[in-house]
Amino acid sequence: MCFSAKASFGAAAVLGGIGVLALSKAKTREEKIVACMPLLFCFQQVSEGFLWLSLMYPSFKDVKTSSMYTFLFFAEMIWPIFVPFMVLMAEPNNKRRKWIRVLLGTGFGIIATLIAGFMLYPSYASLRDGHILYEIGFPLVNYWFYGLIYFIPTIVAPLLSSYKSFRIFGIGLFLAYVGSRVFYNHYVISIWCYFGALLSIYAVVMIRELQQKNATSYELKQEVKYH
């Protein structure tokens, strides 16, 4: 996370446990995809935990580059495609699915651009005022509109969902971004991922709603079958 190595590893442990619990309760493909979200955040927080160690202790300096790019891989590339993909796989409404597909395509476009940017420009991480400051050399990232482009597929996709729990998750992501931007403008990447990690615990509720909808659908089909 954004405050210390202990906080990062502690969050990773909690998220790992939640992820395992969610997977154990997931039955369908859609539910299993949702259950993967806290596990992905778990891996992300582990990488930032090691980055904290590398920035604080010389004995961990060899893992600095790998842990930094691992964290940035999750933060910058995984979420713009995973979130809309997760929503798309669960969405039953065809009209909503069309718009979510557009957002997923936008996410893939972001990834392709970022891969090229990370290959051409260096990135750095340092400790500032008790937080990790990520400095990405790719010029596009430093423009004001980049944040908007990045967060459109990540935040708007769940807001378009037919499921209430998915929409609440999207609202949470939006508020987390606004709060990070207002109060921790220079540390948005790290701070927002902290809040995002906490929000991923909500995956358990999202799975529960999917199961309730599936159960209701099954009951209706059975009624039609026997009547």
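Residues numbered from 1 in each chain as written. Predicted model: local features only at pLDDT ≥ 70, side-chain atom pairs only at ≥ 80, totals over all residues. Heavy atoms only, no water.

1. Here's the deal with the state of the cysteines
Applying the stated criterion across every chain yields a total of zero disulfides. Between Cys-36, a cysteine without a disulfide, and Cys-42, which holds the nearest cysteine sulfur, the sulfur-to-sulfur distance is 12 Å. The class of Cys-42 is buried, set by a relative accessible area of 11%. (Disulfide = S-S within 2.5 Å. Buried < 20%, exposed > 50% of the residue type's maximum accessible area, 1.4 Å probe, protein only.)

2. Topic: the side chain of Ser-67
Relative to the assigned elements, Ser-67 resides in helix α3 (residues 64-90). Residue class for Ser-67 comes out buried when judged on its relative accessible area of 6%. Polar side-chain contacts of Ser-67 include one of 2.6 Å to the backbone oxygen of Val-63. Of note is the side chain of Ser-67, whose polar atom sits 3.0 Å from the backbone oxygen of Lys-64. Setting aside chain neighbours within four positions, we find Ser-67 in contact with Ser-47, Phe-50, Leu-51 and Ser-54. (Helix = DSSP H or I, 4+ residues; strand = E, 2+ residues; numbered from the N terminus. Polar contact = N/O pair within 3.5 Å; in protein donor to acceptor, adjacent residues only side chain to side chain. Contact = heavy atoms within 4.5 Å.)

3. Structural notes on the pairing of strand β2 (residues 131-136)
Along β2, five of the six residues are buried, which leaves the element largely enclosed by surrounding structure. Alignment of strand β1 (residues 123-128) against β2, held across six bridges, turns out to be antiparallel. The partner of Ser-126 across the bridge, within β2, is Leu-133. (Pairing = 2+ DSSP bridges.)

4. Points about the environment of Lys-27
Within the fold, Lys-27 resides in the loop between α1 (5-25) and α2 (29-56). The exposure class assigned to Lys-27 is exposed, which follows from its relative accessible area of 67%. Leave out the neighbours within four places in its chain, and Lys-27 touches Lys-32 and Gln-211.

5. A short note on a positive patch on the surface
Taken together, the side chains of Arg-96, Lys-164, Arg-167 and Lys-213 define a basic patch exposed on the protein surface. Residue position: Lys-213 is located in helix α8 (residues 203-226). Note on Lys-213: relative accessible area 45%, which makes it partly exposed. (Patch = residues over 30% accessible without salt bridge, like charges linked within 9 Å, V, L, I, M, F, W, Y side chains within 5 Å. Areas by Shrake-Rupley, 256 points an atom, 1.4 Å probe, with all protein chains shown as cover. Salt bridge = Lys/Arg side-chain N within 4 Å of Asp/Glu carboxyl O. Lys, Arg positive; Asp, Glu negative; His and termini not counted. Charge placed at Lys NZ, Arg CZ, Asp CG, Glu CD.)

6. Things to note about the nonpolar core
Formed by 64 residues in total, the largest nonpolar core has its most connected members in Met-37, Trp-79, Met-86, Tyr-134, Phe-166 and Trp-192. Per element, the largest residue contribution to this core is 16 residues, and it comes from α3. Filtering out sequence-adjacent residues up to four positions away, Tyr-134 remains in contact with Glu-48, Leu-51, Met-68, Phe-71, Leu-72, Tyr-124, Ala-125, Ile-189 and Ser-190. (Core = buried A, V, L, I, M, F, W, Y, C linked by side-chain atoms within 4.5 Å.)

7. What about the packing of α3 against helix α5 (residues 144-159)?
At a minimum axis distance of 7 Å, the contact between α3 and α5 shows a crossing angle of 30 degrees. Taken together, α3 and α5 sit at an angle that is classed as roughly parallel. As for how α3 packs across α5, the hand of that crossing is left-handed. In this structure, α3 uses Ala-75, Glu-76, Trp-79, Pro-80, Val-83, Pro-84 and Val-87 to contact α5, whose residues at the interface are Tyr-146, Tyr-150, Pro-153, Thr-154, Ala-157 and Pro-158. When its residues are assigned to classes, the contact of α3 with α5 shows eleven nonpolar, one polar and one charged. (Axes fitted to C-alpha atoms, helices over the stretch in contact; angles between N-to-C directions. Parallel < 35°, antiparallel > 145°, perpendicular 65-115°, else oblique. Left-handed = near helix turned anticlockwise from the far one by under 90°. Nonpolar A, V, L, I, M, F, W, Y, C, P; charged D, E, K, R; others polar.)

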